[in-house]
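The lines below spell out each chain.
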Amino acid sequence: MKKLALVLLLAVVAPSLALAWLAVRSLRDQEYLLQRQQSFLYQGVVDAVATESETLLNSYEREFAGLVGLMLVGHNPQEITPSFDDQLRQRWPLAQVGFAVNLTGAILCPSPLARPETKVFCANYDQFLSCRQSAEVYWNSTANVGGNNDLADNGNQKWLQNRYGTQVQSSEIDNSLKSFKSKPPATRNVSPQQQSLPASKEQMQSFSKIAASEAEFCQLMGTASDGMLARFVDNKLNVLFWYRRPENPQYVFGAQLSIPRLVEKLKLALEKLAPSLRDEVCVALLDDSARPVALSHPGFRTAWKRPFVATEIGETLPHWEVALYLLDPAKLTRSARTLKFTLGAVIALLVLAIGIGSWLIVADLNRQLTLARQKTDFVSNVSHELKTPLTSIRMFSELLAEGRVNDPVKQRSYLSIITAETARLSRLINNVLDFARIERGEKKYHFQTCDLNNLLRDTAETYRPHLEANGFQFDCELPESPLLVNGDRDALAQVIVNLFSNAEKYSDSRKEISVHLEQQTNPLPHVELKVLDRGLGVPGGSEEKIFEQFYRAHDSLSSGIQGSGLGLTLARQIARAHGGEVVYEPREGGGSCFTLRLPLCPACDKKSA
Ligand code: ADP
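Residues numbered from 1 in each chain as written. Predicted model: local features only at pLDDT ≥ 70, side-chain atom pairs only at ≥ 80, totals over all residues. Heavy atoms only, no water.

J.: Which residues make up the overall build of the chain, and what values go with them?
T.: Within the chain, the secondary structure is distributed over 18 helices and 19 strands. When burial is assessed residue by residue, the chain has 44% of its 609 residues classed as buried. Contacts in the chain between residues at least 24 apart in sequence constitute 70% of all its contacts with a sequence separation of at least 6. Accessible area for the chain stands at about 31900 Å²; split by element, carbon and sulfur atoms hold 55% of it. (Helix = DSSP H or I, 4+ residues; strand = E, 2+ residues; numbered from the N terminus. Buried < 20%, exposed > 50% of the residue type's maximum accessible area, 1.4 Å probe, protein only. Contact = heavy atoms within 4.5 Å. Areas by Shrake-Rupley, 256 points an atom, 1.4 Å probe, with all protein chains shown as cover.)

Right, here's the structure in full:
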């Protein structure tokens, strides 16, 4: 048993508890894991919106180049330049100012006097566009270097020669582009709550990925035919597109974009947000001061600088960010808590199930072991019970058969011993056989009307000589009138004999046995047969167990009383088959009291009893 408990502990309980402990530990990280999962998901969302915004800008830049290309078809660039600003704004609403410069360093359009916007534009860009002054600009060098650089052999080459006074190769131009002096990275305007990078690189995320470079316009253009650049003038973002025709590379046409109109167009990128996300998050386009310029949920307010996740759009819109905010930030904590409680409850239930299961296994095995032990005891007890009467019968019958006993009194005494021992043997064999039949469900009862008063009287009178011969005082109190029950006469007699036999076996020095039979009406009419003795009594705690098969409260070894542990089991089974019961209660003043209760049968025919 100890070995089994140890195996169970090592194989089931200990691993289960270890797993439960690990599971509980992992529960503590649920909120963090959930946040991490969501941050990856939402980072993907903002990255997609940022890429979409960049793609839109690139498409507008191509649209602009195409439009200018069309305007130049069949025209000399000099014809277009004077009215380029007006023409462009008419055809392309995104343009705030249209400009044209030539590489000799003159701004051909617009005139500073034309409009207030052109006045400001010329003041800001006169020096820069005519390549007389460098400025801090943002531009995508990869796009430029890898862009359309088929102008290296044309006028631009000449301009570069004039400017730098030497013959330059296109590779050298590229190198000069790459070697612009980059400014150190600036800090970002927003600090996202969730960082998508590993902890070591998190620090880096507080810095902007895009840095400004100090460059001249001609350097920026290099050998490309079109491009875009961004600049901050008086802390305001300017985005410029430019284009030049391969045939006339010395004429550069460009546009400064209207930011409000550009924002209107960029709202398209926000509209592509998946409907399932709309109820969960708000995506905002933040300008370089971290102010929202477009929102997926108009009217939503929050601390704009503390988004859940955010990403920078890129060089085209420097320091602009796509930021994502949770509509209900507490929801995440709530979901994490619910998940934690659910998993916690499941773990607790599993541990409980394993615990109860183990306990049931141990209890069942314990029962099986006890039963196996009881069966072994039963076999040895029955063998012993068979051997004792057989030895007596053999001894006395041999004495009588050999004619060694001539005294008639002794002869009668020996014969009565043989009879009693034979009866004991029959009783034992009947008990064993009946028990086997009941266990197999083969026991058949022959129910008929029977007078219990009469049955008890007959059984008691048969048993009385044996009891009195063994020094017992045997009192039998029976009523006058018959007490009819519907039952199997032989089976009921077996119950009564078993109770008498037990009263005799478990009596000690006080050899007194009483039998009472009376009619009871409460709760229903029934008969009560009590067999009382002044013997050892049943030890406390075994009052119900004595009715279990093979159970013996008085061990053969310690008490010296032989038995099979089946007498009371059979008595109770037979009584229950008759709709009655056998119960035990300690007798006042010492000893036992066994009561057989059977339902009365008032409708039964008295004659047949
Ligand atoms: P057994 O063959 O051992 O007598 P039973 O089923 O008849 O088997 O009885 C079960 C146990 O109940 C006995 O072993 C004994 O310990 C206890 N018992 C039965 N009758 C009495 C009694 N009259 N007084 C004390 N103990 C009894």
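J.: Describe the sheet that holds strand β9 (residues 281-286), listing the residues and the values that go with them.
T.: Spatially, β10-β9-β12-β11 is the arrangement adopted by the four strands of the open sheet, whose pairing is antiparallel. One side of each edge strand has no neighbouring strand; the edge strands of this open sheet are β10 (292-295) and β11 (309-314). Within this sheet the neighbouring strands show an average axis-to-axis angle of 25°, counted without direction. Note that β9 and strand β12 (residues 317-326) share six bridges and pair antiparallel. The partner of Leu286 across the bridge, within β12, is Glu321. Relative to β11, helix α2 (residues 30-72) is tilted by about 20°, and along the sheet it contacts β9, β11 and β12. (Pairing = 2+ DSSP bridges. Axes fitted to C-alpha atoms, helices over the stretch in contact; angles between N-to-C directions.)

J.: So what's going on with helix α14 (residues 408-440)? Residues and values would help.
T.: For α14, which comprises 33 residues, the first-to-last C-alpha distance of 47 Å matches the rise-based estimate of 48 Å (1.5 Å per residue) to within 8%. What α14 keeps buried is the set Tyr414, Ile418, Glu421, Leu425, Arg427, Leu428, Asn431, Asp434, Phe435 and Ile438. Looking at the buried residues of α14, the elements they touch are α13 (329-401), α15 (452-469), α16 (489-505) and α18 (567-577). You can read the cap of α14 off the contacts: a side-chain oxygen lies 3.1 Å from the backbone nitrogen of Val409, and it is on Asp407. (Expected span 1.5 Å × (residues − 1). Polar contact = N/O pair within 3.5 Å; in protein donor to acceptor, adjacent residues only side chain to side chain.)

J.: Account for the site of the ligand, naming residues and giving values.
T.: Inspection of the region around the ligand gives 19 residues, with Tyr506, Arg552, His554, Ser564 and Leu568 positioned closest. Tyr506 places a side-chain nitrogen or oxygen 2.7 Å from an oxygen atom of the ligand. Against a free-state accessible area of 520 Å², the protein chains account for coverage of 98% of the ligand. Those elements that provide at least two residues to the shell around the ligand are α16, α18 and β19 (592-599). Residue classes in the shell around the ligand are distributed as eight nonpolar, eight polar and three charged. (Near = heavy atom within 4 Å. Nonpolar A, V, L, I, M, F, W, Y, C, P; charged D, E, K, R; others polar.)

J.: So what about the sheet that holds strand β14 (residues 473-477)? Which residues, and what values?
T.: Strand pairing in a sheet takes place through backbone hydrogen bonds and is either antiparallel or parallel in direction. Sheet architecture is open: five strands sit in the order β14-β16-β17-β19-β18, paired in mixed fashion. At either margin of the open sheet sits one strand with a lone partner, and together these are β14 and β18 (581-586). The mean inter-strand angle of the sheet, taken between neighbouring strand axes irrespective of direction, is 15°. Bridge count between strand β17 (residues 526-533) and β19: seven bridges; the pairing is antiparallel. If you follow His526 over to β19, its bridge partner there is Pro599. Running at roughly 25° to β17, α16 makes contact with β14, β16 (512-520), β17 and β19 of the sheet.

J.: With reference to specific residues and values, describe the side chain of His526.
T.: Here His526 shows up in strand β17. The class of His526 is buried, set by a relative accessible area of 11%. At a separation of 2.8 Å, a polar atom in the side chain of His526 contacts the main-chain carbonyl oxygen of Leu524.

J.: With reference to specific residues and values, describe unusual backbone geometry.
T.: With omega at 5°, the peptide bond leading from Cys109 into Pro110 counts as cis. Looking at the element boundaries, Pro110 is found in the loop between β2 (106-109) and α5 (116-129). Phi is positive for Asp234, close to 50°, though the residue is something other than glycine. Relative to the elements of secondary structure, Asp234 occurs in the loop between β6 (226-233) and β7 (236-245). Positioned with a positive phi, Ala290 is a non-glycine residue whose angle comes to about 60°. Relative to the helices and strands, Ala290 is located in the loop between β9 and β10. Residue Ala290 is classed as buried on the basis of its relative accessible area, which comes to 6%.

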